[in-house]
Amino acid sequence: IAVGENHGCAIKSGAAMCFNRNYDGQLGNKTTTDTGTSAVQVSGLTSGVKAIAAGAHHSCAIDSADQVLCWGNSASGQAGTTSSRVTSPYLVKAYGLAAQVSAGTTNTCIAKVGGGTHCWGSNPYNQSTPLINGATDVKSISNGSRHTCVIGMDNKGMCVGEGLNGKLGNGDTANSSTFVLVSS
């Protein structure tokens, strides 16, 4: 299950389902109609969905072939397309096959099959930094509002981006354009 700002998505019997607000198409059912508490089937993702992620106003999934598909708001490219809105899953081909997907506020990151990572979308605080793209020593990746964190193969957490309210986890509130070690 994954939750965004005003919507949620889940995998049910291998199918992608989403619910609640849909003003940017983040439910992926080819409309922009809200569903309230009723979940709707994401168009074309009826079986084999391995993972699902929800950003502020977009959603992404990994299908049975390890391909990433995203839908919803893409004004910053977070759904992998130059269209500002996508109301059904868009196949994000440019970045390779994915083992994990994380959807942030205005960007998306994947941990790639066989190692490596890649992020796309907005990057005002260097949270989609080239240091992340192509990194091979990353176990897990997660992005939020203007920051991205990874767990390395050494089990150490590191974050990059906006430091507001201490969200980089290093005991500071300063922004960082390079990875900082999460304090223990």
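Description of the structure in this document. (Residues numbered from 1 in each chain as written. Predicted model: local features only at pLDDT ≥ 70, side-chain atom pairs only at ≥ 80, totals over all residues. Heavy atoms only, no water.)

## Notes on the overall build of the protein
So, point 1. Within the protein one finds zero helices and 15 strands.
So, point 2. Taken across its 184 residues, the protein has 46% of its residues classed as buried.
So, point 3. Long-range pairs, those at least 24 residues apart, make up 39% of the contacts in the protein with a sequence separation of at least 6.
So, point 4. In the form shown here, the protein has an accessible surface area of approximately 8,200 Å², with 49% of it arising from carbon and sulfur atoms.
So, point 5. Side-chain charges of the protein comprise 11 positive and 9 negative groups, with the mean position of each set lying 6 Å from the other. (Helix = DSSP H or I, 4+ residues; strand = E, 2+ residues; numbered from the N terminus. Buried < 20%, exposed > 50% of the residue type's maximum accessible area, 1.4 Å probe, protein only. Contact = heavy atoms within 4.5 Å. Areas by Shrake-Rupley, 256 points an atom, 1.4 Å probe, with all protein chains shown as cover. Lys, Arg positive; Asp, Glu negative; His and termini not counted. Charge placed at Lys NZ, Arg CZ, Asp CG, Glu CD.)

## Side note on the state of the cysteines
So, point 1. Summed over all chains, the structure comprises four disulfides.
So, point 2. Covalent S-S linkage joins Cys60 and Cys70, the inter-sulfur distance amounting to 2.1 Å. On the sign convention where negative is left-handed, the bridge of Cys60 and Cys70, at about 105° about the S-S bond, is right-handed. Taken as a pair, Cys60 in strand β6 (residues 58–62) and Cys70 in strand β7 (residues 68–73) lie far apart in primary sequence, 10 residues in all. Grouping residues by exposure puts Cys60 and Cys70 together as buried. (Disulfide = S-S within 2.5 Å.)

## Notes on the packing of aromatic side chains
Each aromatic ring pair is characterised by the separation of its centres together with the angle its planes make.
So, point 1. Under the counting rule described, the total for this entry stands at one aromatic pair.
So, point 2. Judged by centre distance (4.5 Å) and plane angle (15°), the rings of Tyr95 and Trp120 are stacked. Of this pair, Tyr95 sits in the loop between β8 (85–92) and β9 (98–103) while Trp120 sits in strand β11 (residues 117–121), and the two are 25 residues apart along the sequence.
So, point 3. On the basis of relative accessibility, which here comes to 23%, the residue Tyr95 falls in the partly exposed class.
So, point 4. Here Trp120 falls in the buried class, since its relative accessible area comes to 4%. (Phe/Tyr/Trp six-rings, centres within 6.5 Å; stacked < 30°, edge-to-face > 60°.)

## A short note on the sheet that holds β9
So, point 1. Spatially, three strands are ordered β9-β10-β11 in an open sheet, and the strand pairing comes out antiparallel. At either margin of the open sheet sits one strand with a lone partner, and together these are β9 and β11. Each adjacent strand pair in this sheet contributes to an overall mean axis angle of 15°, direction not counted.
So, point 2. Relative to β11, strand β10 (residues 107–112) runs antiparallel, the two being bridged by five bridges. Bridged to Asn107 within β11 is Gly121. (Pairing = 2+ DSSP bridges. Axes fitted to C-alpha atoms, helices over the stretch in contact; angles between N-to-C directions.)

## Thoughts on the pattern of salt bridges
So, point 1. Summed over all chains, the structure comprises five salt bridges.
So, point 2. Where Asp34 meets Arg21, a salt bridge forms, and the shortest distance between an N and an O atom there is 3.1 Å. Here Asp34 is found in the loop between β3 (15–20) and β4 (39–41), whereas its partner Arg21 is found in the loop between β3 and β4, with 13 residues between them in sequence.
So, point 3. We classify Arg21 as partly exposed; its relative accessible area is 34%.
So, point 4. Shared partners join several salt bridges into a network, and the residues in it are Arg146, Glu162 and Lys167. (Salt bridge = Lys/Arg side-chain N within 4 Å of Asp/Glu carboxyl O.)

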